[in-house]
Amino acid sequence: MHTTMSRSLLSHFHFLLHPIPIPNPSPPRLPFSPSVVARFRSRCKKAKAAALSSGVRCCSGFSGSGYDPSPVSETTSTSAVRKRVVSGVQPTGSLHLGNYLGAIKNWISLQDSYETYFFIVDLHAITLPYDVQKLSKSTRDTAAMYLACGIDPSKASVFVQSHVRAHVELMWLLSSATPIGWLNKMIQFKEKSRKAGDENVAAALLTYPVLMASDILLYQSDFVPVGDDQKQHLELTREIAERVNNLYGGRKWKKMGGRGGTIFKIPEPLIPPAGARVMSLTDGSSKMSKSADSDLSRINLLDPKDVIANKIKRCKTDSFTGLEFDNPERPECNNLLSIYQLVSGKTKEEVALECQSMNWGTFKHLLIDALVDHLQPMQVRYEEIMSDPAYLDGVLADGAATAASIADETIRNVYQAMGFLQR
């Protein structure tokens, strides 16, 4: 989640990482008609209120032989509640193709099968120096881009992290149970602190993984979509949850007047089969990133056609004959073919057959057209959303209210289990 999100992973973690098929839909149209929006919101609130009042939630399907990440069937029981998924992206810089193909595009299909909470992680955006004047605008821009990409607020709760104060409260409580040695081993802290220098490193850079754990555990999440570079953070979250459960849960919590049992559900990873790691256009061995110095290294979701064309024409390639997937000596080739596969909606086999005899010039024109065709409708929807600030404010307020109703219950349980005087 610390995006643009080393402790050795536990041996059992490998069998948890079964890829989960996620379809490759085109972003659906959003309901901008006020009457349609009102109807969707009303239906959504009633459904969520019924789910919350029922008190019934599905447990993770983890067992000794693995886990079943399949969502609860909508036809099995009217009282069954879908399994819960949470994720978010920082509002620093412009959202780019890596954010979209690696995360947001997969969210679109998840919202149809899971109870989903997608938020803008603005609190994570201040772990490094940032532009105070731009944070608020960037947060709104990111929220609008979520919706423009196809996140439907009638299906998913969309909100701003700082608008649900329990995120920070739970982080502090979790910090008291998190050994400092666990945080010192985090790879991203080592890399970023080395780059910034000790005098310029804020304590938040060391402790943000605890905030990330709070983001996940606050909502009793069943699954968290993660890329290869985020597995360590999720494993830390799991370890923190298990530690708090052992320290304060079970009979200890019951003696404090609670229900007993586990305080936190242990979340499982949700690994998309493709697009989990989109690489830089200038270096196929590095991840596409907002923080890269050169804008030529990424395709921003709001880049116009001429900018996209210029970046693709100038992107790094190689001198091999033909195009192919999965050749370790050709990281740029694999990355560009993967991008084309994802934005065109074709299978890997179809792309391999289509492009195997192409030269780079022919393929780049093909990729430019596919990118423009895929991104242009999103850009139009983004402008529509930004032209209606009341609509966007309403979506974020509704999402925060729904999220807070769950977060507040979790934080009350944690305070009780840890022995605090109840309010």
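Since we're looking at a predicted model, the values are computed, not measured. (Residues numbered from 1 in each chain as written. Predicted model: local features only at pLDDT ≥ 70, side-chain atom pairs only at ≥ 80, totals over all residues. Heavy atoms only, no water.)

**Focus on the packing of helix 3 (residues 132–149) against helix 13 (residues 360–386)**
Alright, step 1. For the pair helix 3 and helix 13, interaxial distance at closest approach is 8 Å and the crossing angle is 130 degrees. Taken together, the axes of helix 3 and helix 13 are oblique relative to one another. Relative to helix 13, helix 3 is oriented so that their crossing is right-handed. Along the contact surface, helix 3 presents Arg140, Asp141, Ala144, Met145, Leu147, Ala148 and Cys149, while helix 13 presents Met378, Arg381, Tyr382, Ile385 and Met386.
Alright, step 2. Along the lines of polarity and charge, the residues of the contact of helix 3 with helix 13 split into nine nonpolar, no polar and three charged. (Axes fitted to C-alpha atoms, helices over the stretch in contact; angles between N-to-C directions. Helix = DSSP H or I, 4+ residues; strand = E, 2+ residues; numbered from the N terminus. Parallel < 35°, antiparallel > 145°, perpendicular 65-115°, else oblique. Left-handed = near helix turned anticlockwise from the far one by under 90°. Contact = heavy atoms within 4.5 Å. Nonpolar A, V, L, I, M, F, W, Y, C, P; charged D, E, K, R; others polar.)

**With respect to the packing of aromatic side chains**
Alright, step 1. Evaluation of the coordinates by the stated rule reveals 10 aromatic pairs.
Alright, step 2. Both rings, one in Tyr117 and one in Tyr219, keep their centres 5.7 Å apart while their planes meet at 15 degrees; by these two values the pair is stacked. Here Tyr117 is found in strand 2 (residues 115–120), whereas its partner Tyr219 is found in the loop between helix 7 (203–217) and strand 4 (223–225), with 102 residues between them in sequence. The two residues Tyr117 and Tyr219 agree in class, both being buried.
Alright, step 3. One cation-aromatic arrangement involves Arg243 over Trp182; the distance from NZ or CZ to the ring centre is 5.8 Å. (Phe/Tyr/Trp six-rings, centres within 6.5 Å; stacked < 30°, edge-to-face > 60°. Buried < 20%, exposed > 50% of the residue type's maximum accessible area, 1.4 Å probe, protein only. Lys NZ or Arg CZ within 6 Å of the ring centre and 35° of its normal.)

**Some remarks on a nonpolar patch on the surface**
Alright, step 1. Where nonpolar side chains cluster on the molecular surface, the patch consists of Ile126, Tyr130 and Val132 and spans about 270 Å² of accessible area.
Alright, step 2. Looking at the secondary structure, you find Val132 in helix 3. (Patch = residues over 30% accessible without salt bridge, like charges linked within 9 Å, V, L, I, M, F, W, Y side chains within 5 Å. Areas by Shrake-Rupley, 256 points an atom, 1.4 Å probe, with all protein chains shown as cover. Salt bridge = Lys/Arg side-chain N within 4 Å of Asp/Glu carboxyl O.)

**So, the confidence of the model for the protein chain**
Alright, step 1. Averaged over the protein chain, the pLDDT score is 83; the fraction of residues at 70 or greater is 78%.
Alright, step 2. pLDDT under 50 marks residues 1–40. Its contacts with residues more than four places away, or in other chains, come to 107 contacts. (pLDDT = per-residue confidence, 0-100.)

**Things to note about the pattern of salt bridges**
Alright, step 1. Here the structure, examined in full by the defined rule, presents 16 salt bridges.
Alright, step 2. With its nearest N and O atoms 2.9 Å apart, the salt bridge here joins Arg330 to Asp318. One end of the pair, Arg330, is in the loop between helix 10 (305–314) and helix 11 (331–344); the other, Asp318, is in the loop between helix 10 and helix 11, and 12 residues separate them in sequence.
Alright, step 3. With relative accessibility at 0%, the residue Arg330 sits in the buried group.
Alright, step 4. Salt-bridge contacts for Arg330 lead to Glu324; the nearest nitrogen and oxygen are separated by 3.3 Å.
Alright, step 5. Through salt bridges with shared partners, a single ionic network connects Asp295, Arg298, Asp303 and Lys311.

**Topic: unusual backbone geometry**
Alright, step 1. Even without glycine at this site, Gln220 takes up a positive phi of about 50 degrees.
Alright, step 2. For Gln220, the location among the structural elements is in the loop between helix 7 and strand 4.
Alright, step 3. Positive phi outside glycine occurs at Asp326, with the angle close to 65 degrees.
Alright, step 4. On the secondary structure map, Asp326 appears in the loop between helix 10 and helix 11.
Alright, step 5. Residue classification places Asp326 among the exposed positions, given a relative accessible area of 53%.

**Details of the pairing of strand 1 (residues 84–89)**
Alright, step 1. Among the six residues in strand 1, six count as buried, and that is most of the element.
Alright, step 2. Side-chain alternation along strand 1 places Arg84, Val86 and Gly88 on one buried face and Val85, Ser87 and Val89 on a second face that is also buried.
Alright, step 3. Here strand 1 pairs with strand 2 via six bridges, running parallel. Each bridged residue has a counterpart across the sheet, and for Val86 the counterpart in strand 2 is Tyr117.
Alright, step 4. In the classification by handedness, the crossover that spans strand 1, the intervening helix 2 (residues 97–110) and the parallel strand 2 is right-handed. (Pairing = 2+ DSSP bridges. Right-handed = clockwise from strand over helix to strand, strands pointing away.)

**Remarks on the nonpolar core**
Alright, step 1. By size, the foremost hydrophobic cluster in this structure holds 63 residues, and its most contacted members are Leu97, Trp107, Tyr146, Ile151 and Phe363.
Alright, step 2. The greatest single-element share of this core, amounting to 11 residues, is contributed by helix 13.
Alright, step 3. The residues touching Phe363, leaving out its near neighbours within four places in the chain, are Leu323, Leu336, Leu337, Tyr340, Cys355 and Met358.
Alright, step 4. By size, the runner-up hydrophobic cluster in this structure holds 46 residues, among which are Leu173, Leu206, Leu236 and Ile271. (Core = buried A, V, L, I, M, F, W, Y, C linked by side-chain atoms within 4.5 Å.)

**Structural notes on the side chain of Thr410**
Alright, step 1. Turning to its location among the elements, Thr410 is positioned in helix 14 (residues 389–417).
Alright, step 2. The class for Thr410 is buried, based on a relative accessible area of 4%.
Alright, step 3. At 2.8 Å, the side chain of Thr410 forms a polar contact with the backbone oxygen of Leu218.
Alright, step 4. Contacts of Thr410, omitting those with residues within four sequence positions, involve Leu217, Leu218, Gln220 and Phe264. (Polar contact = N/O pair within 3.5 Å; in protein donor to acceptor, adjacent residues only side chain to side chain.)

**A short note on the pairing of strand 2**
Alright, step 1. Of all six residues in strand 2, six are buried, a share of seventy percent or more.
Alright, step 2. Both faces of strand 2 are covered, namely the face carrying Glu115, Tyr117 and Phe119 and the face carrying Thr116, Phe118 and Ile120.
Alright, step 3. Bridge count for strand 2 against strand 3 (residues 156–160) is five bridges, and the pairing is parallel. Looking at strand 3, one finds that Tyr117 is bridged to Ser157.
Alright, step 4. Each parallel crossover has a hand, and for strand 2 linked through helix 3 to strand 3 it is right-handed.

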